[in-house]
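Structural features, examined
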Amino acid sequence: RSNTADTLDQVQINNAASLRAAKNLTLSAETGKIEANSNTSFEADTLGLGDASIYLQSQVNLNGNDLSLKAADLNVAEGIDSDLGALSISSTDTRDIYVGDSLEDGLVISNAELASFSVANLTVGDIDSGSIIVDGIAETDSNNVTGLVSLDATGEGKQVSFTGEASIFNALDT
């Protein structure tokens, strides 16, 4: 391991990949980017215990490809850039998903994380996720999603709710 900083330090995925972990999944490049040249999925908490996170500690560049993230929680430090691609985020163990700054226990997509997603379309939740709670999304938080934001809480007894501060999306489907 070299401690010399250069732009050659990166994680590169050239073929369709699915990275899965029973516990936390951390991807980091000290000075470079995480780059995927095909559709990719990252999943933490494959045991479904509701206690493992995905940590993306460097800029993620998808070169127009799609990315699927599934975990009990998510931490995106530098952003996700796909322009023409889609981003899907869902939770494990039917955990609720909070869109907006929240201190609740669940998968939280903070305002800053949402603002760092440069994608064509964003889907939050799936049939296995919990309810989705949206609070205080400013227009600038969702401007980098150029297409549709879909909130998918279709599991039995699950719902999408808007609480607290008003939320603004360019295009929304619930």
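Residues numbered from 1 in each chain as written. Predicted model: local features only at pLDDT ≥ 70, side-chain atom pairs only at ≥ 80, totals over all residues. Heavy atoms only, no water.

So, about the sheet that holds strand E14 (residues 117–118). Overall, parallel pairing links the 5 strands, which are arranged E1-E4-E7-E10-E14 in an open sheet. Each end of this open sheet is capped by a strand with a single partner; those strands are strand E1 (11–13) and E14. Here E1 runs beside strand E4 (residues 34–36); their pairing, made up of 3 bridges, is parallel. Note on E4: the bridge partner recorded for Val11 is Ile34. (Pairing = 2+ DSSP bridges. Helix = DSSP H or I, 4+ residues; strand = E, 2+ residues; numbered from the N terminus.)

Bringing the nonpolar core into the picture now. Nonpolar side chains in soluble globular proteins tend to end up buried together. The biggest cluster of nonpolar side chains holds 38 residues, and the ones touching the most others in it are Leu56, Leu69, Ile80 and Leu122. With residues up to four places along the chain from it excluded, the contact list for Leu122 reads Leu87, Ile89, Leu114, Phe117, Val145, Leu148, Val149 and Ser150. (Core = buried A, V, L, I, M, F, W, Y, C linked by side-chain atoms within 4.5 Å. Buried < 20%, exposed > 50% of the residue type's maximum accessible area, 1.4 Å probe, protein only. Contact = heavy atoms within 4.5 Å.)

What follows covers unusual backbone geometry. In this model, Asp45 sits at a positive phi of 70°, which is unusual for a non-glycine residue. Judged by its relative accessible area of 1%, Asp45 falls in the buried class. Even without glycine at this site, Thr94 takes up a positive phi of about 50°. Structurally, Thr94 can be placed in the loop between strand E11 (86–91) and strand E12 (97–99).

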